[in-house]
Each structure stands twice: as structure tokens, then as C-alpha cells.
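# Chains, contacts and geometry: an overview
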Amino acid sequence: KELSKLGIAKIPGGLDGNGRTRLSPKLLPELYSAQFNVGLPTVEAGLSLIRYHLGLVEDEDDEEDEGENLLEVQTRLQFMTNPNLVGLVPADESAAAAECRIEDVAGFFGLSGLLTKRRVQDSDAVLVEKRKAELRWLRKMVEDLKEADERERAARGYQGGIELISALVGHRGYHSIKDNSSKRPIENSLVAYEAAWTNGIHSCECDIALTADDKLILAHDENFVRLALDKDDPLVHKNVRELTYREIMSLPLKSGVRPPLLFDVLRSAYVIGGDAKMIVEIKPGNVEAGTALAKMFARHPHLMERVSVVMSFDAYAMQNLKRELEV
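Structure report, in brief. Here the structure is a predicted model, which is why all the values come from computation and not from measurement. (Residues numbered from 1 in each chain as written. Predicted model: local features only at pLDDT ≥ 70, side-chain atom pairs only at ≥ 80, totals over all residues. Heavy atoms only, no water.)

### Structural notes on the layout of surface pockets
What counts, and what does not: Cavities and pockets were defined on a 1 Å grid built from protein atoms only: a cavity is a group of points that admits a 1.4 Å probe but offers it no way out, a pocket is an open group of points flanked by protein on both sides within 12 Å along at least five of seven lines, and a lining residue is one with an atom within 4 Å of any such point. Grid points are joined across faces, edges and corners, and a volume is the space filled by probe spheres set on the points. Secondary structure elements follow DSSP: runs of H or I of four or more residues count as helices, runs of E of two or more count as strands, with numbering from the N terminus. Each residue is assigned to one of three groups, with Ala, Val, Leu, Ile, Met, Phe, Trp, Tyr, Cys and Pro labelled nonpolar, Asp, Glu, Lys and Arg labelled charged, and all others, Gly among them, labelled polar.
As a volume, the largest pocket reaches approximately 290 Å³. Lining the largest pocket are 14 residues, with Asp 214, Lys 215, Leu 216, Ala 292 and Arg 299 sitting closest to its centre. Those elements giving two or more residues to the lining of the largest pocket turn out to be helix 8 (262–272) and helix 9 (287–299). Here the element with the most residues in the lining of the largest pocket is helix 9; it accounts for 6 residues. Looking at the lining of the largest pocket, its residues break down into 7 nonpolar, 2 polar and 5 charged. Estimates place the volume of the second largest pocket at around 240 Å³. For the second largest pocket, the lining is made up of 14 residues, of which Val 169, Gly 170, His 171, Gly 173 and Tyr 174 are closest to its centre. Elements with a minimum of two residues in the lining of the second largest pocket: helix 5 (112–156) and strand 3 (169–171).

Spelled out as C-alpha cells, the structure:
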């Protein structure tokens, strides 16, 4: 009875002559169309979601500008076809608005990882530009000092006197006094001195210390707590004189470089040539460093011409150095 109400009938003999129950011509079209009708809401929901994320949703209360709406669609579609994220936002759009726009698109299309990669690349590019700007500033400062010298000589009418640039000393090389290695080299590093000398600075100053295996390295503090990359390393808290050079090589500084040997830095000054000179300071109480310095000069006399001054606030250390050089 219920089947009859639904349009299902018991037809004697049936189509195959066995009297099987079959769907009537009335219900059969409804059954096939039901599959399509049930799927329509899902399709409509999907299309609505796509319209929303493409910015095509019409708001009766707020009429959006057609050009802006089109730009939104273009931006989102371009994201899917442009893995480098170049040109996704207008040139005149603010950085914050552009970042929000790209984050929205990246999150929707599951490309957050690509966005993170782009940010890393951008960070590297920004750091490169900052370091480039710092070196340009250094070169400009040197040029300005030379121009000031020329103006002073022209005003006085003579060519003698001490040049300003020759009186300038790069303290621990060209570095940041706040120990920030993002824009400038770290202090007492090889690159700090090479950057200074190759950009026009004549004299630099360094601090030397003697390692446990009698190597002269550049270090201002008694240990590497302030400048070490990994401050949790137990070797960081040891005195420099208690460490071998091999152990020091395993303690990179904040910028990733190791403390250099004095020999390496003076050799760079020798290769650079010109007015590249070093002022070497022996820290008080480090008398043995003077002995090691004298021995290095004896083995490599050509490096001694790259040292303009050896100084110390420890009179005994200076007397010891003088005695060793006279031997």
C-alpha cells in the first residue's frame, strides 16, 4: 500500500514476466532528478565561498567601488599563479595593508609556508641593504674628511699639517658599539678591520690575548660571555688564557665568525697595503702576550711594518716587550 502511494506498483507479469516490483514511470524521473537537486545546494555553497574569497560578494548596505573589487579579484588570482609574490599589491598601497592582503590570500589557499619563505628572503635582502648603507656611510665619511683637509689647506695656503683621516683610529675595527652584528661586523673580527682599511681608514686598534697553547688572538674581554653566539656553552665562561685555539674556534661570535689570530689580521693589512696600520694593545696583567708578540715579529718581520704602535696600561708588560725585542 505504501509503495503504491510512492508510485511503486506490483505489475503482474512485469517486464520480464516474473512479476517483479519495478519503479513506475512517475517515480523514475523524480529519483534521477533528486540526485541533481540534492547536489545543487553543495555547488551553490561552494560557489558562494569562492565569490566571497574573490571579493565578489555584493553588499546592499555598502556599495563597493568596482575598480577596487576587480583589483581584489586580480590580486587573489595572481597569487595562485605567481610563486614569487611579485606585483601582488599596488605600488601605492601601504606596507601594512599589503601584508594583510597577502596574509589573507596565503591563508585561504594554504600557502602560508610560501609566505614565510618570502619573509625570510625579504629579511635577508633588508639586511644586505642595511650593511651596504653602512659601508657607503663609512666611505662618505672618509671622503668628507679628505675634502675638509683640502679646504683647510687651501684656506691656510700651505700643504703641510696632519690630515684628519690619519688622526682617526678605528677602535676594535669598524663595528657597532652596541654589539649589534646585523649591520656592522662584530668587534675585533677580521672583517671589521678589512672593512675599515679597504674603505679608507688608516689606523685601527685591537686588543690581544694569549691562549693556553700560546696563540695570539684578538679579544677585549677576559672571556666570550658578551660576544659569544652560544652563551650556554660552558667554554664561554672560561678565561681566554685557559682555552686552546682549537676550543676558541668552536666558539663563534654573534656574527658567526671566530676570533681571529693577530697574525691573520696583520697579514690582511700587509696585503691591503697603503696606509693600513694597526695599534696593538696588551691588556694589563697579560705579560706573556708581549713575549709572544716579540716572537711573532722575529719570525715575520714584514708584519712589524704594519704595526704603528704597541701600547699597554701595564708598565711591566711594556718593559717585558722591550726586553724581548732587544734579545
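That shown, we press on.
### A short note on the packing of aromatic side chains
Note the cut-off: Planes of paired rings set the category: under 30 degrees apart is stacked, over 60 is edge-to-face and the rest tilted, where pairs are Phe, Tyr or Trp rings (Trp by its six-membered ring) whose centres lie within 6.5 Å.
The full count for this structure, using the stated rule, is 1 aromatic pair. Aromatic side chains Tyr 193 and Trp 197 sit 5.9 Å apart centroid to centroid with 35 degrees between the ring planes, which places their arrangement in the tilted category. Here Tyr 193 pairs with Trp 197, and both are found in helix 6 (residues 190–198), just 4 residues apart, close to one helical turn.

### Describing the side chain of Asp 149
How we decide: Only protein chains enter the accessibility calculation, which uses a 1.4 Å probe; a residue whose area is less than 20% of its type maximum is buried, one above 50% is exposed, and one in between is partly exposed. His is not counted here, nor are the chain ends, while Lys and Arg score as positive and Asp and Glu score as negative. Salt bridges are identified by distance alone: a Lys or Arg side-chain nitrogen within 4 Å of an Asp or Glu carboxyl oxygen.
For Asp 149, the location among the structural elements is in helix 5. Buried and unpaired, Asp 149 has Arg 153 as its nearest opposite-charge partner, separated by 4.8 Å.

### With respect to empty space enclosed by the protein
On inspection of all chains with the given rule, the structure shows 1 cavity of 30 Å³ or more. Counted as a void, the largest cavity has a volume near 100 Å³. Residue lining of the largest cavity: Glu 187, Asn 188, Leu 218, Ala 219, His 220, Asp 221, Asn 223, Phe 224, Arg 226, Leu 227, Leu 253 and Pro 259, and that is the complete set.

### Overview of the nonpolar core
Keep this limit in mind: The nonpolar core is taken to be a set of buried Ala, Val, Leu, Ile, Met, Phe, Trp, Tyr and Cys residues, with the residues joined through side-chain atoms within 4.5 Å.
With 34 residues, the main nonpolar core has Ile 208, Leu 262, Met 278 and Leu 293 as its most contacted residues. Looking at this core, the elements with two or more residues in it are helix 5, helix 6, strand 4 (203–210), strand 5 (216–218), helix 8, strand 6 (277–282), helix 9 and helix 11 (315–326). At 7 residues, helix 9 tops the list of elements feeding residues into this core. One finds Ile 186, Ala 219, Ala 228 and Val 240 within the second-largest nonpolar core, a separate group that totals 16 residues.

### Some remarks on the side chain of Asn 286
Put simply, the test is: Here, residues are in contact when the closest pair of their heavy atoms is within 4.5 Å.
Looking at where Asn 286 falls in the secondary structure, it is placed in the loop between strand 6 and helix 9. For Asn 286, the contacting residues outside a window of four places in its chain are Ile 208, Ala 209, Leu 210 and Arg 241.

### Some words on the packing of helix 6 against helix 8
Condition: Note on geometry: axes are C-alpha line fits, over the in-contact stretch for helices, and angles between N-to-C directions span 0 to 180 degrees. Angular relationships are summarised with four words: roughly parallel below 35 degrees, roughly antiparallel beyond 145, roughly perpendicular across 65 to 115, and oblique for the angles in between. Less than a right angle of anticlockwise turn of the near helix away from the far helix marks a crossing as left-handed, whereas a clockwise turn marks it as right-handed.
Following both chains from N to C, one finds helix 6 and helix 8 inclined at 20 degrees, their axes separated by 10 Å at the closest point. Comparing the axis directions of helix 6 and helix 8 gives the class roughly parallel. In this structure, helix 6 crosses over helix 8, and the sense of that crossing is right-handed. Across from Leu 190, Tyr 193, Glu 194, Trp 197 and Thr 198 in helix 6, the residues of helix 8 making contact are Asp 264, Val 265, Ser 268, Ala 269 and Ile 272. Tallied by class, residues from the contact of helix 6 with helix 8 come to 6 nonpolar, 2 polar and 2 charged.

### Considerations on unusual backbone geometry
Phi at Arg 172 takes a positive value of approximately 60 degrees, unusual for a residue other than glycine. Residue position: Arg 172 is located in the loop between strand 3 and helix 6. Phi at Asp 214 is positive, roughly 60 degrees, even though this residue is not glycine. Of note, Asp 214 is situated in the loop between strand 4 and strand 5.

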